[in-house]
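Architecture and fold: a report
As a plain string of letters, each chain reads:
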Amino acid sequence: MSTPPRGPRATDGASVVDRAEAMDGEDPLGGFVASFERVDGVNYLAGHSLGPPGTATAAALGSVVRDQWAKLGVQAWHDWADWPMAVGDVLAGAVLGAGPGQVVVADSTSVNLYKLASAALDARPHRRSVLGWEGDFSTDRYVLEGLAHQRGLDLRWVATSSEGGPERRDLVERIDTSVALVVLSHVDFRTSAVADLAGITAQAHAAGALVLWDLSHSVGAVTVDLDSCDVDLAVACTYKHLAGGPGAPALAYMRRDLQDQLRQPVWGWFGQSQQFHMGLGYEPKAGIGAFLSGTPSVLGLAGVKGAAELLAEAGLDRVVAKARGLCAYAIELADLLLGGLGVEVAGPRQADRRGAHLALRCPRSEWLCQALAERAGVIVDRRPPDLIRVGLSPLSTTYVQVHQGITAMAGLLADSLGS
Ligand SMILES: *Cc1c(COP(=O)(O)O)cnc(C)c1O
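Please read all numbers here as calculations on a predicted model, not as lab measurements.

Considering the overall build of the protein chain
- Helices and strands together make up the secondary structure of the protein chain, namely 12 helices and 13 strands.
- On the principal axes, the C-alpha backbone points of the protein chain span a range of 75 × 60 × 35 Å.
- Evaluated residue by residue, the protein chain yields a buried proportion of 54% over its 419 residues.
- In the protein chain, 70% of the contacts between residues at least 6 apart in sequence involve partners at least 24 apart.
- In the structure as shown, the protein chain presents an accessible area of about 17,200 Å², 54% of it carried by carbon and sulfur atoms.
- Computed over 35 positive and 46 negative side-chain charges, the inter-centroid distance for the protein chain is 3 Å.

Structural data, given as structure tokens:
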């Protein structure tokens with residue numbers, strides 16, 4: 001893996017911006033920035049929440065409407081029917097470290113989490129506990145609460161570590177042979193801390209539990225090796241760093257050797273082996289296609305397809321190296337320009353232990369977030385009570401954007417403090 005570009009250390013604002021320009025100039029992925037829509041006067045730093053549209057996306061969606069839907073009508077399903085698996089295979093190879101035939105793209109992350117977790121719980125009927133992470137994204141916790149409620153299971157929570165995210169040693173305390181399933185997010189949506197996917201998976205397996213990882217903030221930002229880490233199940237949304245589009249269908253991964261043992265709970269005609277026989281009696285398709293339930297969102301899949309192909313072209317090693325480079329630079333700038341203004345970096349300080357957003361703890365985060373948008377055209381987001389998240393989506397973000405965003409933050413804060 002190539003190392004992120006490094007120039008002389010920052011000493012003042014001017015040398016820092018020169019360095020940002022130099023790093024953009026040397027960025028091997030610099031050409032991809034032009035593959036995303038940009039709006040004059042707007043510095044979009046929220047790709048961790050909703051990635052910006054690719055410049056080819058509108059045409060790709062238009063082509064589905066004009067060249068397929070309009071011209072071929074219902075016949076176009078001969079092509080579309082395979083898209084959930086075909087797009088899944090592109091993602092598997094490009095960003096998940098997974099071989100083909102293990103990923104589908106359909107439904108939402110919440111629904112996929114429910115389907116996979118249900119399948120896992122059914123496969124361990126005598127184990128009556130589920131282990132989640134107390135700091136996880138709300139929907140993940142709610143899905144587990146619902147499953148525990150429906151099935152009368154004991155729901156246990158792993159604590160958040162001091163740097164963010166769940167830690168292996170806290171898991172060890174909570175896991176035993178009554179645990180059927182462990183559900184965790186790989187990258188902490190708050191602090192961006194990366195969990196030890198390989199180590200935790202091995203630990204859960206040692207206790208006989210299955211593991212389901214939520215990769216929503218990992219996809220297109222950090223290295224993921226599902227196959228070599230022997231991960232059982234995974235889900236992720238496709239609209240964050242991946243930039244598949246608002247409400248784009250989510251991915252679901254099930255390891256190949258589990259596919260004929262685990263059965264998902266929503267039996268529908270798209271998962272049926274003879275879809276058009278329409279007779280009595282459900283027989284699931286062989287393979288990952290059995291994970292489908294109803295008609296997939298074709299327009300949504302068209303957005304994910306283009307985004308996945310762009311990532312495949314860029315290459316995950318280079319994408320991860322750029323994310324780390326942006327992250328290291330953002331941390332250095334934040335320390336230099338915001339440290340004296342009551343703002344501090346949350347989560348781990350090493351770029352290789354973070355996803356692709358910078359989380360800043362800031363007492364007036366609501367005001368700052370709004371002021372940045374209104375007065376400086378800088379779009380970031382916040383998570384209560386006091387975190388501002390600065391998106392560093394590697395394919396669409398430049399070093400100069402990071403410089404401008406953090407400089408604007410420092411300017412607004414300094415003005416408001418009257419300094
Ligand atoms: C963004 C995100 C989701 C979103 O779930 P949807 O069902 O797509 O709305 C779920 N989990 C995590 C960890 C996320 O970051």
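Here the narrative resumes, following the displayed structure.
Describing the sheet that holds strand 10 (residues 357-361)
- Spatial strand order, 9-10-13-12: 4 strands in an open sheet with antiparallel pairing. Each edge of the open sheet carries a strand with a single partner, namely strand 9 (344-345) and strand 12 (381-383).
- As paired elements, strand 9 and strand 10 share 2 bridges and run antiparallel to each other. Among the inter-strand pairings, E344 is bridged to a residue of strand 10, identified as R361.

Examining the nonpolar core
- Counting residues in hydrophobic clusters, the biggest one holds 63 residues, and the most contacted among them are L96, V182, W213, L215, L226 and L395.
- When residues in this core are grouped by element, the largest group, 9 residues, is from helix 9 (residues 298-314).
- Once residues lying within four places of it in the same chain are set aside, the contact partners of L226 are L96, G97, A98, L215, V231, A234 and Y253.

Overview of the site of the ligand
- Taken together, 13 residues sit near the ligand, with S110, D140, D214, Y239 and K240 positioned nearest.
- Contact between the ligand and T109: an oxygen atom at 3.1 Å from a side-chain N or O atom of the residue.
- In this structure, an oxygen atom belonging to the ligand sits 3.2 Å away from a side-chain N or O atom of H217.
- Protein chains shield 86% of the accessible area of the ligand, which is 390 Å² for the free molecule.
- Looking at the shell around the ligand, the elements that each hand over two or more residues are helix 5 (109-123) and helix 6 (138-151).
- In terms of residue class, the shell around the ligand is built from 3 nonpolar, 7 polar and 3 charged.

Re the packing of aromatic side chains
- This model, assessed by the stated rule, comprises 7 aromatic pairs.
- Here W77 and W80 contribute two aromatic rings whose centre-to-centre distance is 5.3 Å and whose plane-to-plane angle is 90°, an arrangement assigned as edge-to-face. Taken as a pair, W77 and W80 lie in helix 3 (residues 77-80) at a separation of 3 residues, close to a single helical turn.
- Its relative accessible area of 26% is what places W77 among the partly exposed residues.
- Ring geometry for W267 against Y282: centres 4.8 Å apart, planes inclined by 15°, an arrangement best described as stacked.

Thresholds applied
- Residues numbered from 1 in each chain as written.
- Predicted model: local features only at pLDDT ≥ 70, side-chain atom pairs only at ≥ 80, totals over all residues.
- Heavy atoms only, no water.
- Helix = DSSP H or I, 4+ residues; strand = E, 2+ residues; numbered from the N terminus.
- Buried < 20%, exposed > 50% of the residue type's maximum accessible area, 1.4 Å probe, protein only.
- Contact = heavy atoms within 4.5 Å.
- Areas by Shrake-Rupley, 256 points an atom, 1.4 Å probe, with all protein chains shown as cover.
- Lys, Arg positive; Asp, Glu negative; His and termini not counted.
- Charge placed at Lys NZ, Arg CZ, Asp CG, Glu CD.
- Pairing = 2+ DSSP bridges.
- Core = buried A, V, L, I, M, F, W, Y, C linked by side-chain atoms within 4.5 Å.
- Near = heavy atom within 4 Å.
- Polar contact = N/O pair within 3.5 Å; in protein donor to acceptor, adjacent residues only side chain to side chain.
- Nonpolar A, V, L, I, M, F, W, Y, C, P; charged D, E, K, R; others polar.
- Phe/Tyr/Trp six-rings, centres within 6.5 Å; stacked < 30°, edge-to-face > 60°.

Limitation: the analysis is restricted to geometry and does not speak to function.
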